[in-house]
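Breakdown of the fold
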Amino acid sequence: EMWGDHTHAYDMVRVEVEPVRDYMDANGMMNCLGPSELLTRVKCESLLAEKRPCIQRGDKVIASRPGDGASRWEGFVYIVTHNALLLLFGTEFHAAQPTPTQMNLSFCEGLQ
């Protein structure tokens, strides 16, 4: 079993996700990704302010389309900010999604 503990308390249902090529880090510096690299941003300010800070860099995430249990993509939490999560998926995830789109997200603790 490659996955850590799965905790449904952190799952997100029908959240809007969008691809991004740049992001602001904790020091206020803008970071730009390469032309073939994309992160997935999930805006979730109120969720992170409440109980979501337990989601950390390296945690694994499973994304699925609402109402479609057959389509699933595995990725990782790349950055947690005060108002968003930046997730890292393979290129096939972005190729298969309209922009922006709604997804269901399930989180698992990363491997230590």
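Description of the structure in this document.

Another aspect to go through is the sheet that holds strand E1 (residues 12-20). Taken together, six strands build a closed barrel; the order of strands is E1-E4-E7-E6-E5-E8 and the barrel is antiparallel. Strand-to-strand twist in this sheet, taken as the mean axis angle between neighbours without regard to direction, amounts to 45°. With four bridges connecting them, E1 and strand E4 (residues 39-43) associate as antiparallel partners. Counterpart to Glu-18 in the pairing with E4 is Arg-41.

Turning to its location among the elements, Glu-18 is positioned in strand E1. With 20 residues separating them in the primary sequence, Glu-18 and Leu-38 have C-alpha atoms 9.7 Å apart. Setting aside chain neighbours within four positions, we find Glu-18 in contact with Leu-39, Thr-40, Arg-41, Lys-43 and Pro-100.

Now for the packing of aromatic side chains. Counting across every chain of the model gives three aromatic pairs. Ring geometry for Tyr-23 and Tyr-78: centres 6.2 Å apart, planes at 90°, overall edge-to-face. Here the residue Tyr-23 occupies a position in strand E2 (residues 22-24), and Tyr-78 occupies one in strand E6 (residues 68-80), the gap between them amounting to 55 residues. Here Tyr-23 falls in the buried class, since its relative accessible area comes to 12%. A centroid spacing of 4.1 Å and a plane angle of 20° characterise the contact between Phe-89 and Phe-93, whose relative ring orientation is stacked. Grouping residues by exposure puts Phe-89 and Phe-93 together as buried. Counting every residue linked through ring pairs, the aromatic cluster contains Trp-73, Phe-89 and Phe-93. Seen from the ring of Tyr-78, Arg-57 lies directly overhead, with NZ or CZ sitting 4.6 Å from the centre.

This paragraph deals with the pattern of salt bridges. This structure, assessed with the given rule, holds three salt bridges. Residues Arg-41 and Glu-18 are paired through a salt bridge, measuring 3.1 Å at the closest nitrogen-oxygen approach. Here the residue Arg-41 occupies a position in strand E4, and Glu-18 occupies one in strand E1, the gap between them amounting to 23 residues. Note that Asp-68 and Arg-65 form a salt bridge whose closest N and O atoms lie 3.8 Å from each other. It is possible to trace a salt-bridge network through shared partners that takes in Glu-18, Arg-41 and Lys-43.

Conventions used here
- Residues numbered from 1 in each chain as written.
- Predicted model: local features only at pLDDT ≥ 70, side-chain atom pairs only at ≥ 80, totals over all residues.
- Heavy atoms only, no water.
- Pairing = 2+ DSSP bridges.
- Helix = DSSP H or I, 4+ residues; strand = E, 2+ residues; numbered from the N terminus.
- Axes fitted to C-alpha atoms, helices over the stretch in contact; angles between N-to-C directions.
- Contact = heavy atoms within 4.5 Å.
- Phe/Tyr/Trp six-rings, centres within 6.5 Å; stacked < 30°, edge-to-face > 60°.
- Buried < 20%, exposed > 50% of the residue type's maximum accessible area, 1.4 Å probe, protein only.
- Lys NZ or Arg CZ within 6 Å of the ring centre and 35° of its normal.
- Salt bridge = Lys/Arg side-chain N within 4 Å of Asp/Glu carboxyl O.

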